[in-house]
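# Secondary and tertiary structure notes
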Amino acid sequence: MISMKRILTLAIAGLLTACTSQISINDVLPQQELDKTIYLRGDFTLWDAEPQYQFSPVGPALYQAEVKFSSPGKVYEFKIADADFSEGYNCGYSDAQPEEQSLTLGQPAIADCNTIYNYFSFTPAIKGTYIVSIDYSDYDKPQVTITKK
């Protein structure tokens, strides 16, 4: 039977070995930041790229924008896109997951950033300020989430 002292020694040795490995934080995080400014663009902006809806970086590969929804029960439609709706920067719901067109509070949805017409929709239960986040940790499958501020 293995003694508790031996188990602890093996555990500490394992941790020390893991700490000296060659993996760095840069191996886990994306190597590039977005090279274009992206905006929350929707029916509430007349689909224009407005400065108050510009996404800001809040962490590695994570960008957020705030929006005020003042009509509970209204369906708001929007995309995340640059000023020109450029390919690779024109994010809506993925055709592979059309059920994610309608966002649910706090539930991530995979975005397709090469789509032309696939806009997200959200129906707030109460009026207020919401935060729309896009997470590029997996650059090929960015995730969009909406939360209440």
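Residues numbered from 1 in each chain as written. Predicted model: local features only at pLDDT ≥ 70, side-chain atom pairs only at ≥ 80, totals over all residues. Heavy atoms only, no water.

## A short note on the overall build of the chain
Along its length, the chain carries two helices and nine strands. N-terminal to C-terminal, the α/β element order of the chain is α-α-β-β-β-β-β-β-β-β-β. Going through the 149 residues of the chain one by one, you find that 33% of them count as buried. Taking as baseline every contact in the chain between residues at least 6 positions apart, the subset at least 24 positions apart corresponds to 62%. (Helix = DSSP H or I, 4+ residues; strand = E, 2+ residues; numbered from the N terminus. Buried < 20%, exposed > 50% of the residue type's maximum accessible area, 1.4 Å probe, protein only. Contact = heavy atoms within 4.5 Å.)

## Points about the pattern of salt bridges
For the coordinates displayed, the defined rule picks out three salt bridges. For Lys-36, the salt bridge is made with Asp-82, and the minimal N-O distance between the two is 3.4 Å. With Lys-36 in the loop between helix 2 (25–28) and strand 1 (39–42) and Asp-82 in the loop between strand 4 (76–81) and strand 5 (90–93), this residue pair connects regions lying 46 residues apart in the sequence. Residues Glu-66 and Lys-149 are paired through a salt bridge, measuring 3.0 Å at the closest nitrogen-oxygen approach. Separated by 83 residues along the polypeptide, Glu-66 in strand 3 (residues 62–69) and Lys-149 in the segment after strand 9 (143–148) bring together distant segments of the chain. (Salt bridge = Lys/Arg side-chain N within 4 Å of Asp/Glu carboxyl O.)

## Section: the confidence of the model for the chain
Across the chain, pLDDT averages 84, with 78% of residues at or above 70. No element of the chain has a lower mean pLDDT than helix 2, at 42, and none a higher one than strand 1, at 98. Here residues 15–21 is a poorly scored stretch, pLDDT under 50, and it has zero contacts once near neighbours within four places are set aside; other chains count. Between residues 23–31, whose pLDDT stays under 50, and residues either more than four places distant or in other chains, the model counts six contacts. (pLDDT = per-residue confidence, 0-100.)

## A closer look at the pairing of strand 6 (residues 109–112)
On strand 6, burial follows the alternation: Ala-109 and Ala-111 on one face are buried, whereas Ile-110 and Asp-112 on the facing-out side are not. Pairing of strand 5 with strand 6 involves two bridges; the strand directions are antiparallel. Bridge assignment links Gly-92 to a residue of strand 6, and that residue is Asp-112. Looking at chain direction, strand 6 and strand 9 are connected through two bridges and run antiparallel. Bridging across to strand 9, Ile-110 finds its partner in Gln-143. (Pairing = 2+ DSSP bridges.)

## Side note on the pairing of strand 9
Inspection of the sheet shows strand 8 (residues 128–135) paired to strand 9 by six bridges, in the antiparallel sense. Paired with Ser-133 across the two strands is Thr-145, which belongs to strand 9.

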